[in-house]
Amino acid sequence: MVEALLALLEAGDQQPSMPRIAARAGVSVRSVFQHFADREALYAAVSDRQTARIAALRAAIDPGLPLAERAAALAAQRARMFALIAPVRRAALLIAGTSPAIAGRLAALRGAQRREAGRVFAAELRRLPPPERRRRAAVVAALCGFSTWHVLRVHQGLSARAAERAVAEGLVALLGT
């Protein structure tokens, strides 16, 4: 049932009904609710599965590398991850306002991504006075986030490679001064 919901989301059905989920899984709607107490429990299970699927795409980036290499590595890593999760993430964003499970998991993911970017660029951020450090860290997090990726790919029409380069170049421009 979890895989069925993921497949529907990946196929572009951003808000599949329980009958469509059940049909895709080859079970009855009643069977879905025998396994999951409610829709929220199913969303939580899907979110956990999606998190496990993308875990393999994360690799620690050496903060001792030159800035341009770190920026390129993080941009490439996020590009691979965001390309994989885009359909499911868009659907999650649609329901986050009414789903505490999804909202919580999205917030946790954003926090983890923000902390990772802060770790990768800690040397550059540490050199700044605290107010400037906070502002630049916020912009780093925004540059490395899904929303920026979505805007670059969908609204700006950039290819995946061009969006990746734009993020890397933005990071270097922001942190290299």
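All residue numbers here refer to positions counted from 1 along the written sequence of the relevant chain. Selection of residues for local features in this predicted model requires a pLDDT of at least 70, selection of side-chain atom pairs for listing and counting requires 80 or more, and totals for whole chains, interfaces and linings are taken over all residues. Heavy atoms from the whole structure form the basis of all side-chain values; hydrogens and water molecules are not counted.

## With respect to the confidence of the model for the chain
On average, residues of the chain carry a pLDDT of 94, and 99% of them reach 70 or more. For the chain, helix α4 (residues 39-55) is the element with the lowest average pLDDT, namely 89, and helix α10 (residues 160-175) is the one with the highest, namely 98. On a range of 0 to 100, pLDDT expresses the predictor's confidence in each residue. Comment: elements are numbered from the N terminus, with helices defined as DSSP H or I runs of at least four residues and strands as E runs of at least two.

## A closer look at the packing of helix α1 (residues 2-10) against helix α5 (residues 67-95)
Across the interface, α1 lies against α5 with an axial gap of 8 Å and an inter-helix angle of 95°. By the criterion of interaxial angle, the relationship of α1 to α5 is roughly perpendicular. Counted together, L6, L9 and E10 of α1 and P87, V88 and A91 of α5 form the full contact between these two elements. Gly falls in the polar group here, along with every residue not listed as nonpolar (Ala, Val, Leu, Ile, Met, Phe, Trp, Tyr, Cys, Pro) or charged (Asp, Glu, Lys, Arg). Per-class residue counts for the contact of α1 with α5 are five nonpolar, no polar and one charged. Each axis is a line fitted through C-alpha atoms, and for a helix only the stretch in contact is used; angles between axes span 0 to 180 degrees, taken between their N-to-C directions. Here the angle decides the label: under 35 degrees means roughly parallel, over 145 means roughly antiparallel, 65 to 115 means roughly perpendicular, and every other value means oblique. We call two residues in contact when some of their heavy atoms are within 4.5 Å.

## Section: the nonpolar core
F121, V140, L171 and L175 are the most contacted members of the largest nonpolar core, which has 28 residues in total. Broken down by secondary-structure element, the contributors of at least two residues to this core are α5, α6 (100-120), α8 (130-143), α9 (146-155) and α10. Per-element tally for this core: the top contributor is α5, with nine residues. If we ignore the near neighbours within four places in the chain, the residues touching L171 are A71, F121, V140, L143, C144 and G176. Working definition of a nonpolar core: buried Ala, Val, Leu, Ile, Met, Phe, Trp, Tyr and Cys residues. They are joined through side-chain atoms within 4.5 Å. To sort residues, take the accessible area from a 1.4 Å probe on protein chains only and compare it with the maximum for the residue type: under 20% means buried, over 50% means exposed, and anything in between is partly exposed. Residues V2, F36, V88 and I95 belong to the second largest nonpolar core, which totals 20 residues.

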